[in-house]
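Each chain is listed here by its residues.
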Amino acid sequence: MISRESFAGWYRNRFVWVAVIVLVVSVGAVVLVNRAESTTEPVDLQGQITARMRTTLEQADPGQHNHAGHGAQQAATAEKPPVICGVRVYGYEPSDVTALADVRTVYGFHLCGVAEQKRPWDVAVKLAGPVIMDMSTQPPGIQVVEATADVMFVDRLREMFPDKYEEVALKEALTESEMAEQRRRYDAAAGL
């Protein structure tokens, strides 16, 4: 049987209290970690789409998103200069998906510069305009909006883009932060 004196000694022992405190803190930490894992924010789908769009355009041959016959000047070396792109996503279809793998079509804008060595941005070959990416193929398909001899640019854009993206595609290009990031990346790639 436990005597009153031994119980009082146990109750006053500081090592017992340290063990109790460590146990309580550990249990609290486990509860908080489990709660944080179960309520994490959904993945940034817009950011994933933007990154995939930029990567696809930068890895594609410039002819795939070329406009009005512009092309990079061929250097004396066989190595192609890198293409540095800034993109803006206007929207995607289906619009209710939550995973990048489920996105089929992306509507947006691209501004790319061919980063030839020591060539400043102001005189670089640029490829720009509204773009549609077919994400259901590998690699994703790239379709740019271009005027033809029979169809004006605005009319062609209205033919290709859904109504909800037409106006924004006619008015807006890159955000200031995206443009600044693109210029920084371009200067680094061009060795400036």
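Just so you know, these numbers come straight off a predicted model, no measurement behind them.

Turning our attention to the pairing of strand β3 (residues 126-134). With nine bridges connecting them, strand β2 (residues 105-114) and β3 associate as antiparallel partners. Of the residues in β3, the one forming a bridge with Cys112 is Leu127. Two strands pair when backbone bridges link them, and β3 and strand β4 (residues 141-144) are joined in this way by four bridges, in the antiparallel orientation. What sits directly across from Ile132, in β4, is Gln143.

Glancing now at the nonpolar core. Grouped together as the largest cluster of nonpolar side chains are 22 residues, with contacts concentrated most on Met53, Val103 and Val106. Sort the elements by how many residues they give to this core and strand β1 (residues 83-93) lands first, with five residues. Residues within four places of Met53 in sequence aside, it is in contact with Val87, Arg88, Val89, Val106, Gly108, Phe109, Val131 and Met133. In terms of nonpolar packing, the next biggest core, distinct from the first, is built from 18 residues, Ile132, Leu157, Tyr186 and Ala190 among them.

It is worth spelling out the side chain of Thr56 at this point. Summarising the element assignment, Thr56 is placed in helix α3 (residues 45-59). What makes Thr56 buried here is its relative accessible area of 10%. For Thr56, the side chain forms a polar contact with the main-chain oxygen of Arg52, separated by 2.8 Å. Excluding residues that lie within four positions of it along the chain, Thr56 makes contacts with Met133, Pro140 and Ile142.

Our focus in this paragraph is the packing of aromatic side chains. Counting across every chain of the model gives three aromatic pairs. Between the aromatic rings of Tyr107 and Phe161, the centroid separation amounts to 5.4 Å while the plane-to-plane angle is 55°, which identifies the pairing as tilted. Separated by 54 residues along the polypeptide, Tyr107 in strand β2 and Phe161 in the loop between α4 (153-160) and α5 (163-171) bring together distant segments of the chain. According to the relative accessible area criterion, Tyr107 is buried, its value standing at 10%. Three or more aromatic residues link up through ring pairs in this structure, and these residues are Tyr107, Phe161 and Tyr165.

Now for unusual backbone geometry. Residue Pro94 follows Glu93 across a cis peptide bond; omega there is -15°. If you trace the backbone, Pro94 turns up in the loop between β1 and β2. In this structure, the amide linkage connecting Gln138 to the following residue, Pro139, adopts the cis form with an omega of -5°. Examined against the element boundaries, Pro139 turns out to sit in the loop between β3 and β4. Phi angles above zero are rare outside glycine, and Lys118 is one such case at about 65°.

All told, the structure shown has one disulfide when counted by the stated rule. What pairs with Cys85 in a disulfide is Cys112, and their sulfur atoms sit 2.0 Å apart. Disulfide Cys85-Cys112: the torsion about the S-S bond is 110°, which places it as right-handed. Taken together, the positions of Cys85 in strand β1 and Cys112 in strand β2 put the pair 27 residues apart, joining distant regions of the chain. Taking the relative accessible area as the measure of exposure, Cys85 reaches 0% and is therefore buried. With relative accessibility at 0%, the residue Cys112 sits in the buried group.

Reading the values: rules and limits
Residues numbered from 1 in each chain as written. Predicted model: local features only at pLDDT ≥ 70, side-chain atom pairs only at ≥ 80, totals over all residues. Heavy atoms only, no water. Pairing = 2+ DSSP bridges. Helix = DSSP H or I, 4+ residues; strand = E, 2+ residues; numbered from the N terminus. Core = buried A, V, L, I, M, F, W, Y, C linked by side-chain atoms within 4.5 Å. Buried < 20%, exposed > 50% of the residue type's maximum accessible area, 1.4 Å probe, protein only. Contact = heavy atoms within 4.5 Å. Polar contact = N/O pair within 3.5 Å; in protein donor to acceptor, adjacent residues only side chain to side chain. Phe/Tyr/Trp six-rings, centres within 6.5 Å; stacked < 30°, edge-to-face > 60°. Disulfide = S-S within 2.5 Å.

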